[in-house]
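# Coordinates in review
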Amino acid sequence: MDIFTKEYRSVIIRQEKGVEIMIKKIKKYTKQWDMWLIIFSVLFSGMLVISRHVYYDWKTTMSVHDIYVSDFHIVDMFVLMMYIPFIYLGMKIISYIFCSTKQKLFGLQRKRNLILFWGCFFFIMVLWIPYFMTYWPGGIYSDTVDTLDMALKNKALDNHNPLLYTFIWRFIFWITGAFRGEGVYGGLKLFTVLQSALMAFMLSGFIHWTYKKGIHKGIIIMEVIIAACYPLYPFYGISLWKDTIFSIAVFAFSVFLYEIFDKEEDRISNKNLIIYIVMTILIIFLRNNGIYIACFYSLGMFFLCLKDHKKMGKKLGFSSLVIIMLAFVIQNPVYDKFGLNSDTSTESLGVPMQQVAYIYTTDGKVNAEELEVLNNILPLENWSALYNPIVADYIKFDPSFNKEYMEENATEFLKVYVSLVVKNPVKAIKGYLLETMGFWDITKNSPTAYICNTHFGNAEYFMSDYFDYYFGFSFKEYVEPRNFISSAIFVWIMIGAIFLCLSQGNRKGVICILPTLGLWLSIMIAVPVAFSFRYVYAIFLCVPLYVLVSIRSFEKKQK
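Residues numbered from 1 in each chain as written. Predicted model: local features only at pLDDT ≥ 70, side-chain atom pairs only at ≥ 80, totals over all residues. Heavy atoms only, no water.

### Comments concerning the nonpolar core
One finds M437 and M494 to be the most contacted residues of the largest nonpolar core, which totals 178 residues. Element by element, the count of residues in this core is highest for helix α11 (residues 242-261), at 14 residues. Contact partners of M437, with chain neighbours within four places excluded, come to V54, Y56, I67, I390, K444, A530 and F531. (Core = buried A, V, L, I, M, F, W, Y, C linked by side-chain atoms within 4.5 Å. Buried < 20%, exposed > 50% of the residue type's maximum accessible area, 1.4 Å probe, protein only. Helix = DSSP H or I, 4+ residues; strand = E, 2+ residues; numbered from the N terminus. Contact = heavy atoms within 4.5 Å.)

### What to know about the layout of surface pockets
Of the volumes computed, that of the second largest pocket is approximately 690 Å³. Around the second largest pocket, the lining is made up of 22 residues, and of these G205, W209, K212, V255 and E259 lie nearest the centre. Those elements giving two or more residues to the lining of the second largest pocket turn out to be α4 (114-127), α8 (185-212), α11 and α12 (270-286). Looking at the lining of the second largest pocket residue by residue, the class counts come to 14 nonpolar, 3 polar and 5 charged. (1 Å grid on protein atoms, 1.4 Å probe; cavity = no way out; pocket = protein on both sides within 12 Å on 5 of 7 lines; lining within 4 Å. Points joined across faces, edges and corners; volume = space filled by probe spheres on them. Nonpolar A, V, L, I, M, F, W, Y, C, P; charged D, E, K, R; others polar.)

### Comments concerning empty space enclosed by the protein
Over the atoms rolls a probe the size of a water molecule, and in doing so it shows where empty space is left. In the structure shown here, the tally under the stated rule is 2 cavities of 30 Å³ or more. Around the largest cavity sit G438, K444, N445, S446, T448, Y450, I485, S486, S487, F531, S532 and F533, which together line it. For the lining of the largest cavity, the residue count by class is 4 nonpolar, 7 polar and 1 charged. Approximately 40 Å³ is the volume attributed to the second largest cavity. Every residue along the wall of the second largest cavity is listed here: D143, T144, T147, N161, Y165, W241, K242, D243 and R534. Mapped onto the lining of the second largest cavity, the elements with two or more residues apiece are α6 (142-151) and α11. For the lining of the second largest cavity, the element with the most residues is α6, which contributes 3 residues. Taken together, the residues of the lining of the second largest cavity break down into 2 nonpolar, 3 polar and 4 charged.

This is the structure we're talking about:
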């Protein structure tokens, strides 16, 4: 008994010493002030303070009386100062954990393993079969119906939904015989299967890529299980909207950027240059904000390559410049000539319209000349009647909204907008916070455009639940979300990864995050609705990449 007691005490003593050593290391580590992490702590703390003043519940009515921003007070500054050190300490602890575990998580790089890749692919596809059976032939929405009508030549082509996406659908219908009178459901089914297979292919490719990077096999297994079982992957695989393919392209491109910059030599092969060009073209033409995303990451990449990878930066930057210039010509003068741009200004001015509507609805300062311009766009009484703090569509899709006037007088509207913001800065900020809350506030969520589980505005196409038919119970009960995750959580993971990389001088890590950062910034400038998980789905896909590059930032020396 005495021997047992002595051994037990010795174990306890060793454990206590181990804990003491770890605490000392953490204290020593946290004493090293890091300006990048301090900046992140200020930003994140500011978000937490502001979110306390934003009142929103998606179950209530969507009026300015139920959704609003309360006034700020001097007390908020003290709350901010209290948050900052806690957030900073948390980031330093995360940095310490990443620094301590990187050797355990990453080993020697491995050769490619096609058995692993195809094994992951088929394992994922098999576990997604219940989703196909439950939501067959896939999620069809109002945007989808518009694209289908254009693809089937039942409606004039329009770039409101990207033409490239429409032509992909037209090719699918050509294969399945829709133009030969064989119906459209064959095309819907084929598109759903191909899109899901593409999603599984890219996830398997990422898992295989991390395997080659030498990541621990336990992490590999966890990646496979999450990819196969987490509903947000298969749900978007079967969602027939443009955002899925676009998000997959952005995800693949982000991984590709990290791969080509994760080398010592300052050169890029012709093969990788062609891949870069093709991926940039896809990003630009698969969504209408793609050209702005390409401009952002091209410019950011050029500056981040000034110290290292100068040759690569110049070569890729020049390629981007040529592609963007050609795309601008195609998407503007060429599309305009053929009448393919019907609502360019209306779509891009959603946020300013919401701010103007908030200012007018809450009795802001507006003069007679400004009222005249607003009345030409929409009858003045309708600005207040139609204003919804989180959705611009009620205004821009109302029959009384003069789209032609808006398109022809966009510059005049912007002058009025700037004038109203200058005269009503607080109201303008509040209107902006409400219109974008889903993309910056981690405490707010909504089911709007979250997953594929309903038909939005569609009575023409029907969904069949074969799982319930054959097995007698609903698979939906197990996979459909009841608690919705805020898009902003993944946004802040992305921003945190950027600042962790910057704190370690890891510019190549920041480069691979630029496409999704550009995506988020473009959404924050011109988003038509405050909640739409599909708009930033690419950021969700890239979360494992953010974690990987953050951990790998803590090498002994970053170039």
